[in-house]
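# Coordinate analysis (summary)
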Amino acid sequence: MLDIKRIRANPEEIRDGLGRRGADPGLLDAVLSADQRRRELLTEVEKLKSERNTVSKQIGLRKKSGEDTTAEQTAMREIGQQIADIDGQVRAVEEQLQDALLRLPNLPCATIPVGPDASGNREIKQWGRRREFDFEPCGHIEIGERLGLFDFPRAARMCGAGFPLLRGNGARLQRALISYMLDVHTRDHGYSEVWAPAVVNSAAMTGTGQLPKLADDMYRIPEDDLWLIPTAEVPVTNIYRDEIIDQPLPIFLTGYTPCFRREAGAAGKDTRGLIRVHQFDKVEMVKFVRPETSYDELEKLLADAEDILQRLNLHYRVLELCSGDISFAAAKCYDIELWAPGQNDWLEVSSCSNFEDFQARRANIRFRDDNGKPSFVHTLNGSGVALPRLVVAILENGQQPDGSVCLPEALVPYMGGLDILQP
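Structural notes, computed from the coordinates.

What counts as what
Residues numbered from 1 in each chain as written. Predicted model: local features only at pLDDT ≥ 70, side-chain atom pairs only at ≥ 80, totals over all residues. Heavy atoms only, no water. Phe/Tyr/Trp six-rings, centres within 6.5 Å; stacked < 30°, edge-to-face > 60°. Helix = DSSP H or I, 4+ residues; strand = E, 2+ residues; numbered from the N terminus. Buried < 20%, exposed > 50% of the residue type's maximum accessible area, 1.4 Å probe, protein only. Expected span 1.5 Å × (residues − 1). Contact = heavy atoms within 4.5 Å. Pairing = 2+ DSSP bridges. Core = buried A, V, L, I, M, F, W, Y, C linked by side-chain atoms within 4.5 Å.

As a further point, take the packing of aromatic side chains. Enumeration according to the criterion identifies 10 aromatic pairs in this entry. Ring centres of F133 and F135 lie 5.3 Å apart, and the angle between their planes is 85°; on these two criteria the pair is classed as edge-to-face. Taking the centre distance of 5.9 Å and the plane angle of 65° together, the rings of W195 and Y256 count as edge-to-face. One end of the pair, W195, is in the loop between β2 (192-193) and β3 (199-201); the other, Y256, is in strand β7 (residues 251-260), with 61 residues separating them in the sequence. W195 sits in the exposed class, given a relative accessible area of 68%.

Next comes the structure, spelled out in structure tokens:
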């Protein structure tokens, strides 16, 4: 959430930021209108309350003198009713203002490229080399079915497309990758591990910015006001909701969770296999940091995600997202994409974002600054990394002419010494 004081003082700065995002300027107009109406009502009601207080004192003095105050008391009852009516209007307009603020996206960082959509993203680096094949590389579906790693037909029979069933070494590979990534982040990158709930309430989803904008993309349990989490970012960030953090910053947390997304509007796009699924596993990194360090911490966060892929010896590239392609809550974001030869395409496996104080204001997460004053933290998060497309890249890059798949050396200890998946 943006600071209403900042919006009030610098509306053109906000309008410019929304313009760089390609966001509807009406979102800002709704905030300004509600804020103006709220202040007008508060001025009006405070004037009436002041008048009531003054006249009430006069009534008391006149009563002591034995004077008749019937008319004044009648007038005060009328003023009291006016005050009650206006207080009701204030509550209503405050709800409108809060709703308008929740629908206003974060402002893009001034340093990111300006563009309307993904076409404006900027590639900033590549790591590793694209594997050359002396045979026609297969896609992960053919590889996985040959090796008995997947069972998409039975999964679809029980819950529809987009909910993968992994079997045998496919399930083992999934478990190995989760353990490997958690070990690297906790042992070498300085994160503390958490095991977070897979469901959260509406307040938690609002705190990280999924609600109200992205409600249609999420799975909801309305009877309990619970949502299946789209990412571990939601429960892990909300660990400190409505708190003043009482330990030194920075705080680095990592955790594995299943993730659930309806992917509304994505029907017909990559619906076979693991490219686009409704349920997937992910290891997430979340940081709570002092504002002056957050952009340095973003670079470190990106490096931690890259390290996972470098140890797996997978070819990837890093994109700096443009103003029209960053998420609703982000101020700056990097995407990491793996090369998948069977797809002949890049696949996103991580987004590393700095939200500045946007999420912290929504979730009321604060720390005490050097003067002891409660201030909003900056939050960051990044996939460290998401598994389905990582599995795709491992299978497609490791495939051999005989149909087997060579696994990255870093995974062999986690696979019980198994280094090749055989048909």
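This part covers unusual backbone geometry. Cis geometry is adopted by the peptide bond preceding P212, which originates at L211 and carries an omega value of 5°. The residue P212 is located in the loop between α8 (202-208) and β4 (220-221) in this model. Look at D242: it is not a glycine, yet its phi comes out positive at around 60°. Residue classification places D242 among the exposed positions, given a relative accessible area of 52%. Despite not being glycine, N364 shows a phi value in the positive range, around 55°. Looking at the element boundaries, N364 is found in the loop between α11 (358-363) and β12 (365-368).

With that settled, consider helix α4 (residues 70-102). The end-to-end C-alpha distance of α4 is 48 Å, a good match for the 48 Å that 33 residues give at a rise of 1.5 Å each. Those residues of α4 not exposed but buried are M76, I79, I83, I86, V90, V93, L97, A100, L101 and L102. On its buried face, α4 is in contact with α1 (4-9), α3 (26-64), α8 and α11.

Now for the sheet that holds β12. Pairing in this open sheet of three strands is mixed, and the strands run β6-β12-β13 from one edge to the other. Taken across any chain shown, the strands that pair with only one partner, and hence form the sheet edges, are β6 (243-244) and β13 (374-376). Both β6 and β12 contribute to a ladder of two bridges, which runs parallel. From the neighbouring strand, I244 faces β12, where its bridge partner is R366.

Further remarks concern the environment of E299. Here E299 is to be found in helix α10 (residues 294-311). If near-sequence neighbours (up to four positions away) are discounted, E299 is found in contact with K332 and Y334.

Attention now moves to the side chain of S323. Its location among the elements puts S323 in the loop between β9 (316-320) and β10 (332-340). We classify S323 as buried; its relative accessible area is 1%. Ignoring sequence-local partners within four residues, the contact set of S323 consists of R20, R21, P108, I112, P113, V114 and G115.

With 53 residues, the main nonpolar core has L177, M181, L309, L390 and L395 as its most contacted residues. It is helix α7 (residues 169-187) that provides the largest number of residues to this core, a total of eight residues. If sequence neighbours within four positions are ignored, L390 has contacts with L177, M181, L309, L312, L314, L338, V349 and V385. By size, the runner-up hydrophobic cluster in this structure holds 36 residues, among which are L2, A34, I86 and V93.

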